[in-house]
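Residue-level structure breakdown
Each chain is listed here by its residues.
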Amino acid sequence: MKIVKEALAGTLESSDLLVKVSPGPGTGLEVVISSEVMQQFGLQIDHVVRDTLARLGVTAGLVVVEDKGALDCAIRARVQTAVMRGAEAQTIDWSALS
Amino acid sequence: MTDEFDFYAVEPATSARERREIRALLGSCGLDYEEHIQVFVVCRAAGRLVACAGLESNIVKCCAIDPELRGGSLSLTLLSEIVHLAYERGHSHLFLYTRPENVSFFQGCGFYALAEVPGYVTLMENTPVGIRSYCDRLRALRPQGLPPDAKIGGIVINANPFTLGHQYLVKLAAARCDWLHLFVVSEDVSFVSYRDRYALVEEGVRGIERLTLHHGSQYMVSRATFPDYFFKEKGVVGDCCTAIDLLLFRNHIAPALGITHRFVGTEPFCETTRKYNADMKFWLQGAGSTAPAVTVIEEARTRAGGTPISASEVRRLLRSRDLDRIRALVPAPTFELLREKYLSKILPFAPDPLGHGGESDALPRRAVAAGI
Amino acid sequence: MKLRRSMLFLPGANAAMLSTAFVYKPDSIMFDLEDAVSLREKDSARILVFNALQLPVYREIETVVRINPLNTPFGHLDLEAAVRAGVDVVRLPKTDSAEDVEVLEREVERIERACGREIGSTKLMAAIESASGVINALAIAKASPRLIGIALAGFDYVMDMQTERGDGTELFYARCAVLHAARAAKIDAFDVVWSDLNDEAGFLKEVDLIKRLGFNGKSLINPRQIELLHNAYAPTEEEVEYAGRVVTAAAEGERKGLGVVSLNGKMIDGPVIDHARRVLQRAEASGTRK
């Protein structure tokens, strides 16, 4: 999927996260993560975010994550939603989400 | 499981009742109601208004939470809602002002500090890469091959409209520097549109060597960098008003381009300009920042027939349809455009589009008065 | 015989609640994509629930997804997400006729085929929220072998009846009709939510009523209500002791190949034995009533 516009998903509430996607200034993929549990889980969160983006076929854009201690399933869900909103996707490939 | 809080958006212009309650909540939190806010997110618990946050375009204002409900999850939900609302309205790049002691709270909400006047105020934006990628883009425009001790100038103009005075200042500065970076304020709320202002500047500086013309940005003389509202609210006056804008220039923009000198026009007997230029010296050269100092160079305005040329004088003459006198103050392309496009926009008996009324929600009054 | 006393509603867009609700141990968890989700968050809730359903913890508890009605722009996408994520039960809101269930069943089967899920493994539940639905309750309850139960939803129903929630008189006919339809179709029956969280006495009074009427359980909106409900449905020590003897006698009768089971010289038949088994099941789940 190609991110064609700025989009947002999720919240800043505890156990959730806010994900912002945008086409981005450069040509590559930039992921910026900020988390309350960066010390222990920063790498894990980064891995989940990048893995989710890869499954969706996102190779370019800026993805900013404000994590509030969310479970991996919530991280996946919010990244997927933000990308779909930013790609203006009309159809959903469910197999790319599981 | 359900949420006990009910959030929804309110346009204060269309609901007197909501407006009254918002005003009361802000009052109980020691905040003033801001007239320019287009939309609020409000929160009710059991019918009672307990929290609100407003948007004036892309600036988050008037965030308040009932003191009894602070410290819980409500504030995070409130911020989530206002950010979602801003996106829905087409604003993804947001700014907010807060007192330095609240910075850590907003950092937890996805905001990042841009500039701080210690003890008074901090400007924040909702992206970790905003100012950084802006400066990266500027850095890519740095001219190659300049010596390390090069004298690199910077000028910021609104050019509403572009006058012979602007042209004179630019030429003078370019002659005194190894390179000159010229920025046109991009906030498109002035009498002359940004598109026209930029085109006239581009035309007017053609042929001047060692000059780069830049589009302005949110980080420079914008509604975001001139927090009139905030200072009025907090009763902070004087020195701080221009500090955020100037600190952003000194700490981020100047280092990205290696700017060592900032040029500014001056009017010898204008108190406002004198004050603004003094502020500029204080924040760009003084000890208020650890970034390298930027030397401020004041240039007296060029005169036509005894009075300094200023854009506000040109607008005043336009209002009285005195084209002959305008012709002596502006380059030919500016004159043609004013005559063909802007003269007809001034209607008899209509509210004055050029005075403070028309200008106040345009550029911050202080920036205008200072002659930017 | 699945125990379904408590069905906890979770707003589908709320990540925190979805991440923690299993700790309250309701009999079933219902992820709501309908009324608890704002129009803005319909897409995010659907995707969040899709992901949450794949958490290992939700394989150990019965999961239900309340989809939006199939005549909205959201219903079919909700169904697609729920069936593909492996939900146990799909709850259809605003069921007015058997045809509503039949349409749902056809769609579920289509999705099961498309994603390779075992045909028939997605169970259904229908919520009745109107006068038409109550009148058609029996046809609805018998509309599909996938149905595990029907539920009465009070909020829309009382509005359709041009009345409002009160002491329960307004729901009297609907409760009886839904319950009879469920029992005749041999499926479960669920009562309305109790929304006033501060009125615990009112909640317990209503629970006492619906338990005596014969409902399997109730939809809940707050985890605090789970233990209260389970305790109210828990049998007394005497009931457990008697049920134990009934079940022992039945096992004895079966072992000896007797056609008739007796206890203390009195004959006991099938329904009594079934009842005793339910008593023991509730006791095993939540102990005896406190």
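Residues numbered from 1 in each chain as written. Chains lettered and ligands numbered in written order. Predicted model: local features only at pLDDT ≥ 70, side-chain atom pairs only at ≥ 80, totals over all residues. Heavy atoms only, no water.

1. With respect to the side chain of Ser28(C)
Residue and element names in this part refer to chain C. Selection rule: Strands are runs of DSSP state E lasting at least two residues, helices are runs of H or I lasting at least four, and both sets are numbered from the N terminus onward. Only protein chains enter the accessibility calculation, which uses a 1.4 Å probe. A residue is then buried if its area is under 20% of the maximum for its type, exposed if over 50%, and partly exposed in between. Under the rule applied, a polar contact is a pair of N or O atoms within 3.5 Å (in protein, one hydrogen donor and one hydrogen acceptor; residues adjacent in sequence only if both atoms are side-chain atoms).
Looking at where serine 28 falls in the secondary structure, it is placed in strand β2 (residues 28–32). Classification of serine 28 as buried rests on a relative accessible area of 0%. A distance of 2.8 Å separates a polar atom in the side chain of serine 28 from a polar atom in the side chain of glutamate 62.

2. Here we look at the interface of chain B and chain A
Under the convention used in this document: By definition, residues are in contact when any of their heavy atoms lie within 4.5 Å. Accessible surface is computed with a 1.4 Å probe, and the buried area is the amount of it that two parts give up when combined, taken over both parts together. The salt bridge criterion pairs a side-chain nitrogen of Lys or Arg with a carboxyl oxygen of Asp or Glu, the two atoms within 4 Å. Residues are grouped as follows: nonpolar covers Ala, Val, Leu, Ile, Met, Phe, Trp, Tyr, Cys and Pro; charged covers Asp, Glu, Lys and Arg; every other residue, Gly included, is treated as polar.
At the interface, 19 residues of chain B touch 19 residues of chain A. Summed over both partners, the interface of chain B with chain A comes to about 1,500 Å²; 58% of that surface belongs to carbon and sulfur atoms. One can count one salt bridge joining chain B with chain A. Arg132(B) is the partner of Glu30(A) in a salt bridge, and the nearest nitrogen-oxygen pair spans 2.4 Å. Scanning the region where chain B abuts chain A turns up eight residue pairs in polar contact (both at pLDDT 80 or more). Those elements that provide at least two residues to the side of chain B that touches chain A are α2 (74–88) and α4 (130–139) of chain B. Looking at the side of chain B that touches chain A, the element that brings in the most residues is α2(B), giving seven residues. For the side of chain B that touches chain A, the per-class residue count stands at eight nonpolar, nine polar and two charged.

3. Here's the deal with the interface of chain A and chain C
Tallying the contact residues gives 18 residues for chain A and 21 residues for chain C. Carbon and sulfur atoms make up 64% of the area that chain A and chain C hide from each other, which totals about 1,600 Å². Linking chain A to chain C there are two salt bridges. The residue Arg85(A) makes a salt bridge to Glu41(C) at a minimum N-O spacing of 3.2 Å. For the pair chain A and chain C, the interface holds five residue pairs in polar contact (both at pLDDT 80 or more). Of the residues in the side of chain A that touches chain C, the class split is eight nonpolar, five polar and five charged.

4. Observations regarding the sheet that holds strand β8 (residues 152–157) of chain B
All names here are of chain B. We count it as follows: For two strands to be treated as a pair, DSSP must find no fewer than two bridges joining them. Only the stretch in contact is used when a helix axis is fitted, and all axes are lines through C-alpha atoms; the angle between N-to-C directions ranges over 0 to 180 degrees.
Here five strands make up an open sheet; going across it, the order is β10-β9-β8-β11-β12 and the pairing parallel. The open sheet has two edge strands, β10 (211–215) and β12 (295–300), and neither has a second partner. For this sheet, the mean angle separating the axes of adjacent strands, direction not counted, is 25°. Looking at chain direction, strand β11 (residues 261–266) and β12 are connected through six bridges and run parallel. Across the sheet, the residue bridging to glycine 265 is glutamate 299, located in β12. Sheet strands in contact with helix α5 (residues 164–176) are β8, β9 (179–184), β10, β11 and β12, and its direction is about 135° off that of β12. Of the strands in this sheet, β8, β9 and β10 touch helix α6 (residues 194–204), which is tilted by about 180° from β10.

5. With respect to the sheet that holds strand β3 (residues 29–35) of chain A
Residues and elements named next belong to chain A. Within the open sheet, the four strands sit side by side as β1-β2-β4-β3. Their pairing is mixed. The strands lining the two open edges of the sheet, one partner per strand, are β1 (7–10) and β3. Adjacent strand axes in the sheet meet at a mean angle of 10°, parallel and antiparallel pairs treated alike. Where β1 meets strand β2 (residues 17–22), four bridges bridge the pair, whose relative direction is antiparallel. Looking at β2, one finds that alanine 7 is bridged to valine 21. Against the sheet, helix α1 (residues 38–55) engages β3 and β4 (61–67), with an angle of about 145° to β3. Sheet strands in contact with helix α2 (residues 72–87) are β1 and β2, and its direction is about 155° off that of β1.

6. Brief notes about the side chain of Ser92(B)
Along the chain, the position of Ser92(B) falls in the loop between α2 and β5 (95–98). Classification of Ser92(B) by relative accessible area gives buried; the value is 16%. Polar contacts involving the side chain of Ser92(B) include one to the side chain of Glu6(A), which spans 2.8 Å. Once residues within four sequence positions are removed from consideration, Ser92(B) is found in contact with Glu6(A), Tyr87(B) and Asn126(B).

7. Quick word on the environment of Val156(B)
Secondary-structure assignment places Val156(B) in strand β8. With 107 residues separating them in the primary sequence, Val156(B) and Phe263(B) have C-alpha atoms 8.3 Å apart.

8. Here we look at unusual backbone geometry
Cis geometry marks the peptide bond from Asn160(B) to Pro161(B), where omega comes out at 0°. Its location among the elements puts Pro161(B) in the loop between β8 and α5. Despite not being glycine, Val221(B) shows a phi value in the positive range, around 40°. Note that Val221(B) resides in the loop between β10 and α7 (228–234). With phi around 50°, Lys94(C) is a residue other than glycine that occupies positive phi space. Structurally, the position occupied by Lys94(C) is in the loop between β4 (89–92) and α4 (98–115). Overall, Lys94(C) belongs to the partly exposed group, its relative accessible area being 32%.

9. Observations concerning the environment of Ser80(B)
Its location among the elements puts Ser80(B) in helix α2. Given a relative accessible area of 1%, Ser80(B) falls into the buried group. Here the alpha-carbon distance between Ser80(B) and Gly153(B), two residues 73 residues apart in the chain, equals 41 Å. A distance of 2.7 Å separates a polar atom in the side chain of Ser80(B) from the backbone nitrogen of Leu12(A).

10. Side note on the pairing of strand β3 (residues 62–66) of chain C
All names here are of chain C. For clarity, the cut-off: Here the term right-handed applies to a crossover when the path leading from its first strand over the helix to its second strand runs clockwise, the strands being oriented away from the viewer.
For β3, the buried fraction is high: five of the five residues fall into the buried class. Going residue by residue along β3, you find Glu62, Val64 and Arg66 tucked away on one face and Thr63 and Val65 tucked away on the opposite face as well. Two strands pair when backbone bridges link them, and β2 and β3 are joined in this way by five bridges, in the parallel orientation. Looking at β3, one finds that methionine 30 is bridged to valine 64. Where the polypeptide runs from β2 across helix α2 (residues 42–52) and back to β3, its parallel neighbour, the crossover connection is right-handed. Taking the sense of rotation as the criterion, the β-α-β connection linking β3, helix α3 (residues 75–84) and β4 turns out right-handed.

11. Section: the confidence of the model for chain B
What counts is decided by this rule: As a per-residue measure, pLDDT tells how confident the predictor is, with possible values from 0 to 100.
On average, residues of chain B score 83 in pLDDT, and 86% of them reach the 70 mark or higher. In this model, residues 349–362 of chain B is a region of pLDDT below 50 whose contacts with residues beyond four sequence positions or in other chains number 19 contacts.

12. Examining the pattern of salt bridges
In this structure the tally under the stated criterion is 55 salt bridges over all chains. When the shortest N-O distance is used, the salt bridge between Asp196(B) and Lys341(B) registers 2.6 Å. With Asp196(B) in helix α6 and Lys341(B) in helix α12 (residues 332–342), the pair connects residues that are 145 residues apart, well separated along the chain. Residue Asp196(B) is classed as buried on the basis of its relative accessible area of 11%. By relative accessible area, which is 33% here, Lys341(B) ends up partly exposed. Close ionic contact of Arg146(C) with Glu112(C) constitutes a salt bridge, the shortest N to O distance being 2.8 Å. In this pair, Arg146(C) is assigned in the loop between α6 (137–141) and β6 (147–152) and Glu112(C) in helix α4, connecting sequence segments 34 residues apart. Accessibility expressed as a relative area gives 0% for Glu112(C), which makes it buried.

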